[in-house]
Amino acid sequence: MESRIDRNLASRLDPPAAIALAESAALRGVQYRYAGWFVNGRSTANVAAVYEVGTGPARKLILKHDVADSAQLDRAEYARHKAALAEAPAFAERHLIAPVGEPIRVGDGSWITFQDVVGGSFMDYRVLSAILAGVPHAQVAGVDPRLVTACDRGSFAAVCTSVVHGLLAGWAGHPALQEVPVAEVLRRHLLHRLDPGQPLHDEAARWPERWLHLPGEPRPLPNPFGLARDGGLTAGLPPVQLVVGRAHGDLHPENILVRTEVDPGDYRLIDLSRYESDAPLTRDPVQLVLTILDRTMDERSDQQRELLLDLLVGGAANVRDMLPAWLPEFVDRVRDVQLDWIRRYNLIDEWRQQTLLSLAACALMFLGRPTTAPAHREWYLRLAARAAAAYLDGAADTGSAPEPGPAAASATAATRLAAGAGAPGDTGPVSLLCANLPALREAARRRGLLDEVDTLVARARLNQDIAADYAALVHRLSAGDEDVRHGLIGFGGGTPVVGEVFTCPLRRPCGRETRRPPSGARPRCPVQGTAMTQVLR
């Protein structure tokens, strides 16, 4: 049975998964060989490239091993993927990836599935963040320099515009309207994140006031958490006419693959684990904009972050010359393509109001991440509060808007933001070393450099500066890396992940997050050698 999958692949799968795959291969008369492992810190799954050989034509496939709730298998990624293909076949043929064969049940609550390789090649398509990193003056953390694809700002904006236009005009279908309370709109964005025990629930508990006086804001702003939980803020307003349709549900740059020649219309969307047929249609475009901004947030000055607030909430025209040229062009064109699409249905006013709610909700998602830097936490809270204020101001035209009441003092707000941030995190070389350690050890073993890796780990445990030595080691090990699509993991930005997450146990947390392997034990910190800290989201 073991000969049905080669040792290289079997050693990288959990034993139950290796047995299940070998048994399935024997039944179908095929074999699987290892073709590369994609260690992707933004995915819940173990993902590998494999060769399938046997009775039919040989081919290379993507293997995914992931857990699924046995009580809700109809909501597992495979089921959502199949639904997306069936509900919009023309769009799916051009922009989604087809699953191959049937799922293989492992028996421990996890499943193995297969997918085609985008365009038949790992070299011909790049994640959108690698395209962004190739735009002049757009510095993106965590992207392997070998994967960066040169791109001018107009072409990058054209790619993003094409993706958003395709989502709406090609995938969403004709918009439907659902009449729901404001709180329901926020809940459909935030999902489980406000449940007890989740980081965002704890964050919301720090802000009981209905109005907030935040640092840098000239007037009290409505508490954005109140839109989801405080009926008093929206009691006098009519319900939201929510524009819904088919949507991806987790649209960030690592889930968008673009052809390396940067043809705006040649893209593929991956990871359909949150696909819905009746989702708020403003969510995907807003999440795409915020995740792209988040990837470059470290490069923005304090003044530029202030200008971004004006650009995102008010569309201010007088701030564009003071921002990198690619940024306002990208934001403007993504906004305009949405309005051009919804205009034919005479729902522009509703779309603009709904976008503000999506902006508030998505900003809260970033605020709730334990790894978000303190300075960025303040910015996301201000963005959410400004979007909430703009929504209430606009809704006042058709209802009774609430009057500002007692607000948290600015100094108190700053203290709470700092408290919510927890211990300062190092999202630099220690985090990169931690995330990449298994791949580094394997590459170092092949080149006889394991001692250098061990020395680097020892220095990281002692809180020594390893930045230069880490970069030098990666450079020496980078030749001939098997993982041609992702290379070593970078660490920057990121997206909220669902369910059980494990974080760094170091005294100065590195900011890395990881998942428990299906059927596996609690992950251990590669640097410290102890169990990582469990967080439920």
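No experiment lies behind these values; they were computed from the predicted model shown.

## So, the overall build of the protein
Counting its regular elements, the protein contains 19 helices and 17 strands. Burial statistics for the protein: of 537 residues in total, 53% are counted as buried. Pairs at least 24 residues apart make up 69% of the contacts formed inside the protein by residues separated by at least 6 positions. By element, 51% of the accessible surface of the protein is carried by carbon and sulfur atoms, the whole surface being about 22200 Å².

## Observations regarding the pattern of salt bridges
The tally for this structure, following the rule as stated, stands at 24 salt bridges. For Glu-184, the salt bridge identified is with Arg-187, shortest N-O distance 3.6 Å. Linking Glu-184 with Arg-187, this pair stays in helix H7 (residues 182-190), spanning three residues, or about one helical turn. What makes Glu-184 partly exposed here is its relative accessible area of 26%.

## A closer look at the confidence of the model for the protein
Per-residue pLDDT for the protein averages 83, and the proportion of residues at 70 or more is 82%. Contacts from residues 422-427, a stretch scored under 50 in pLDDT, to residues over four places away or in other chains number twelve contacts.

## Here's the deal with the packing of aromatic side chains
Applying the stated criterion to the full structure yields ten aromatic pairs. On the numbers, 4.9 Å between centres and 15° between planes, the contact of Phe-91 with Trp-171 is stacked. Of the two residues, Phe-91 is situated in helix H4 (residues 89-95) and Trp-171 in helix H6 (residues 153-172); the sequence distance between them amounts to 80 residues. Judged by its relative accessible area of 0%, Trp-171 is buried. Between Phe-366 and Tyr-380, the ring centres sit 4.8 Å apart and the planes meet at 10°, which makes this aromatic pair stacked. Residue Phe-366 is located in helix H14 (residues 348-367), and its partner Tyr-380 is located in helix H15 (residues 374-395); the two are separated by 14 residues in the primary sequence. For Phe-366, a relative accessible area of 3% puts it in the buried group.

## With respect to the sheet that holds strand E10 (residues 240-247)
Remark on secondary structure: sheet strands pair via backbone hydrogen bonds, oriented parallel or antiparallel. Taken together, the three strands give an open sheet; going across it, the order is E7-E10-E13, and neighbouring strands pair in antiparallel fashion. The open sheet has two free edges, formed respectively by strand E7 (176-180) and strand E13 (276-280), since each of these has just one partner strand. Averaged over all adjacent pairs, the angle separating strand axes in this sheet is 40°, with direction ignored. For E10 and E13, the ladder comprises three bridges, and the chain directions are antiparallel. Paired with Ala-247 across the two strands is Glu-276, which belongs to E13.

## Regarding helix H3 (residues 77-87)
Within H3 the residues assigned to the buried category are Glu-77, Arg-80, His-81 and Ala-84. Taken down its axis, H3 places every buried residue within 105° of arc, on the same side. Contact partners of the buried residues in H3: strand E3 (59-67), H4, strand E4 (99-105), strand E5 (110-115), H6 and E13.

## As for the environment of Ile-348
For Ile-348, the position within the fold is in helix H14. For the pair Ile-348 and Gln-338, spaced ten residues apart in the sequence, the C-alpha separation amounts to 9.2 Å. Discounting chain neighbours no more than four positions away, the residues touching Ile-348 are Leu-339, Ile-342 and Arg-343.

## Concerning the sheet that holds strand E12 (residues 267-269)
Spatially, the three strands line up as an open sheet ordered E6-E11-E12, and their pairing is antiparallel. Either end of the sheet is taken by a strand with one partner, and the two such strands are strand E6 (125-127) and E12. Averaged over neighbouring strand pairs, the angle between their axes works out to 25° when direction is ignored. When E6 meets strand E11 (residues 256-259), the two strands line up antiparallel, connected through three bridges.

## Focus on the pairing of strand E2 (residues 46-54)
Note that E2 and E3 share seven bridges and pair antiparallel. The residue of E3 that forms the bridge with Tyr-51 is Lys-60. The antiparallel pairing of E2 with E3 creates a hairpin that spans four residues between the two strands.

## Some details on the nonpolar core
Most often, soluble globular proteins keep nonpolar side chains buried together rather than apart. Ranked by internal contacts, the top residues of the largest apolar core, which has 112 residues, are Leu-128, Phe-156, Trp-171 and Leu-269. With 13 residues, H14 is the single largest residue contributor to this core. Non-local contacts of Leu-269, meaning those with residues more than four positions away in its chain, are made with Phe-91, His-95, Leu-96, Ile-97, Val-163, Leu-167, Trp-171, His-248, Leu-251, Asn-255 and Ile-256. If you look at the next biggest cluster of nonpolar residues, it comprises 22 residues, including Leu-13, Ala-18, Ala-25 and Tyr-32.

## So, the side chain of Thr-282
Among the structural elements, Thr-282 can be located in the loop between E13 and helix H11 (283-295). The exposure class of Thr-282 is buried, given its relative accessible area of 0%. Of note is the side chain of Thr-282, whose polar atom sits 2.6 Å from the side chain of Ser-358. Once residues within four sequence positions are removed from consideration, Thr-282 is found in contact with Trp-351, Gln-354, Thr-355 and Ser-358.

So, how was this worked out
Residues numbered from 1 in each chain as written. Predicted model: local features only at pLDDT ≥ 70, side-chain atom pairs only at ≥ 80, totals over all residues. Heavy atoms only, no water. Helix = DSSP H or I, 4+ residues; strand = E, 2+ residues; numbered from the N terminus. Buried < 20%, exposed > 50% of the residue type's maximum accessible area, 1.4 Å probe, protein only. Contact = heavy atoms within 4.5 Å. Areas by Shrake-Rupley, 256 points an atom, 1.4 Å probe, with all protein chains shown as cover. Salt bridge = Lys/Arg side-chain N within 4 Å of Asp/Glu carboxyl O. pLDDT = per-residue confidence, 0-100. Phe/Tyr/Trp six-rings, centres within 6.5 Å; stacked < 30°, edge-to-face > 60°. Pairing = 2+ DSSP bridges. Axes fitted to C-alpha atoms, helices over the stretch in contact; angles between N-to-C directions. Arc of directions from axis to C-beta. Core = buried A, V, L, I, M, F, W, Y, C linked by side-chain atoms within 4.5 Å. Polar contact = N/O pair within 3.5 Å; in protein donor to acceptor, adjacent residues only side chain to side chain.

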